[in-house]
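Residue strings, one per chain:
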Amino acid sequence: MLAFIFQRLLQAVVVMVTVAFIAFLLFQYVGDPVVFLLGQDARPEQIKELRQDLGLDQPFFVQFWHFLQNAVQGEFGLSLRQGAKVSRLIAERFPATMELALVAATMALSLGIPLGVYAALRRGSFGSQLFMTVSLLGVSLPTFLIGILLILIFAVWLGWLPSFGRGDVVKLGWWSSGLFTVQGWQHIVLPAVTLAIFQLTLIMRLVRAEMLEVLRTDYIKFARARGLPNRAIYFGHALKNTLVPVMTITGLQLGGLIAFAIITETVFQWPGMGLLFIQAVTFADIPVMAAYLCLIALIFVIINLVVDLLYFAVDPRMRVGKPGGH
């Protein structure tokens with residue numbers, strides 16, 4: 001177990017250093033940060049002095065080493081657009097994105113797994129066919145179109161829910177949450193549903209496919225031959241083994257919810273990291289873009305590590321040592 005964890009941690013370090021190097025290249029080849037900070041009318045003396053202050057007159061790998069040291073401490077300099085520390089901007093926007101992603105993931109899991117099980121156990125029924133047809137729409141329609149349609153129906157035509165913003169939030173230290181206010185829940189419903197639909201349909205179709213595969217295995221046939229009730233077979237044996245690969249995909253999808261909430265946050269003007277990143281791209285705000293890239297990579301690395309450990313704990317075959325591997 002310790003060797004497994006050490007191997008994954010070593011891989012995580014390699015990935016993060018690689019991502020940090022790519023993020024550092026943004027500073028080198030996508031515009032000059034000194035020109036952005038001082039403007040086109042800056043005097044040569046000012047430019048030279050600021051370059052020395054920022055360490056931009058040093059060799060490439062020395063600059064990269066300093067960048068790594070600052071990145072480990074969560075420091076990425078000043079935003080070129082807002083003139084504020086990037087770490088503070090990320091800290092202000094991170095709770096909104098995490099809240100949206102967690103609510104969307106909860107929706108996708110709480111509905112996707114039961115619907116997938118139902119579609120597998122009632123294969124060929126009207127309800128199963130209906131769910132599979134609707135899931136095709138959820139997989140096929142782009143996120144921005146789903147968001148616009150939901151705004152049109154529930155915000156414009158019916159007037160039930162707000163179409164943009166986050167609503168009232170409650171401060172819990174540096175963290176802010178809208179889940180403790182009625183207005184916060186009203187604002188999060190539409191963007192969370194928009195973000196969850198694709199993940200929900202993907203999980204449902206994956207659970208259905210895996211469930212059908214498991215139900216055809218020999219040990220399920222042996223369980224039927226022993227006279228076990230269907231409930232014990234379906235939920236005690238089949239579903240448990242179905243969720244092993246689903247758990248891996250779900251972990252990756254959770255990281256995807258955080259990373260690819262950009263479109264949803266833009267459509268609903270949700271004040272999260274995705275909207276901040278879009279604004280940074282528009283203005284070529286390199287420090288914000290680099291910080292976002294490193295943070296998303298870190299989130300994916302942590303989620304993958306947790307999923308690997310859960311997979312190791314759930315699947316006994318991973319714990320059986322053999323020469324040359326597991």
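Everything quoted here is computed from the prediction, not taken from an experiment.

S.K.: Teacher, can you tell me more about a nonpolar patch on the surface here?
M.R.: Residues L137, L141, L149, L152, I153, V156, W157, L158 and W160 make up a contiguous nonpolar surface patch of about 890 Å² in total accessible area. Here V156 is to be found in helix 7 (residues 143-157).

S.K.: Please clarify how the side chain of R166 should be interpreted in this entry.
M.R.: Tracing the chain through its elements places R166 in the loop between helix 7 and strand 1 (170-172). Among the polar contacts listed, one links the side chain of R166 to the side chain of E99, at a separation of 3.5 Å. In this view, R166 contacts P95, A96, E99, S176, S177, G178, Q183, G184, H187, W270 and P271; residues no more than four positions away in its chain are not counted.

S.K.: Which parts of the structure should I look at to understand the nonpolar core?
M.R.: It is characteristic of soluble globular proteins that their nonpolar side chains tend to be buried jointly. By size, the foremost hydrophobic cluster in this structure holds 46 residues, and its most contacted members are F67, I258, M273 and I296. Mapped by element, the contributors of at least two residues to this core are helix 1 (2-29), helix 4 (60-72), helix 5 (86-121), helix 8 (182-215), helix 10 (230-259), helix 12 (273-283) and helix 13 (286-314). I258 has contacts with T97, M98, A101, M273, Y292, I296 and I299, leaving out every residue within four places of it along the chain. Ranked by size, the runner-up nonpolar core spans 17 residues in total, among them L200, V207, L215 and A223.

S.K.: Teacher, can you tell me more about the pattern of salt bridges here?
M.R.: Any two side chains of opposite charge can pair, on the condition that their charged atoms come close. One pass over the structure, following the stated rule, counts five salt bridges. For E45, the salt bridge identified is with R43, shortest N-O distance 3.8 Å. You can call E45 exposed: its relative accessible area is 54%. Between K85 and E75 there is a salt bridge, with its nearest N and O atoms 3.4 Å apart. Here K85, found in the loop between helix 4 and helix 5, pairs with E75, found in the loop between helix 4 and helix 5; they are ten residues apart in sequence, far enough to count as distant. Looking at E75, the relative accessible area reads 27%, which means it is partly exposed.

S.K.: Got a minute to help me understand the environment of T264 in this structure?
M.R.: Structurally, T264 can be placed in helix 11 (residues 262-267). By relative accessible area, which is 1% here, T264 ends up buried. For the pair T264 and L150, spaced 114 residues apart in sequence, the C-alpha to C-alpha distance is 12 Å. Setting aside chain neighbours within four positions, we find T264 in contact with L100, T143, P191, T194 and L195.

S.K.: Hey, could you run me through the environment of A91 in this one?
M.R.: Structurally, A91 is set in helix 5. Remark: the alpha-carbon pair of A91 and W175, spanning 84 residues in sequence, is separated by 8.2 Å.

Each value, and the rule that gives it
Per chain, the residues get numbers from 1 upward, laid out in the order the sequence is written. A pLDDT threshold of at least 70 governs which residues receive local features in this predicted model, and a stricter bar of 80 or more applies before side-chain atom pairs are shown or counted, although totals over entire chains, interfaces and linings include all residues. To obtain the side-chain values, all non-hydrogen atoms of the structure were included, while hydrogens and water were left out. Here a patch means residues that are over 30% exposed by relative accessible area and free of salt bridges, tied together within 9 Å if like-charged and within 5 Å if nonpolar (Val, Leu, Ile, Met, Phe, Trp, Tyr). Residue exposure ignores everything except the shown protein chains as possible cover, and the areas themselves are Shrake-Rupley values with a 1.4 Å probe. By salt bridge we mean one thing: a side-chain nitrogen of Lys or Arg within 4 Å of a carboxyl oxygen of Asp or Glu. Secondary structure follows DSSP: runs of H or I at least 4 residues long count as helices, runs of E at least 2 residues long count as strands, and numbering of each begins at the N terminus. The definition of a polar contact used here is a pair of N or O atoms within 3.5 Å, where within protein one atom must be able to donate a hydrogen and the other to accept one, and adjacent residues in sequence count solely through side-chain atom pairs. Here, residues are in contact when the closest pair of their heavy atoms is within 4.5 Å. Here, nonpolar core means buried Ala, Val, Leu, Ile, Met, Phe, Trp, Tyr and Cys residues that are tied together by side-chain atoms lying within 4.5 Å of each other. Burial classes follow relative accessibility: with a 1.4 Å probe on protein chains only, a residue under 20% of its type's maximum area counts as buried, one over 50% as exposed, and anything between as partly exposed.

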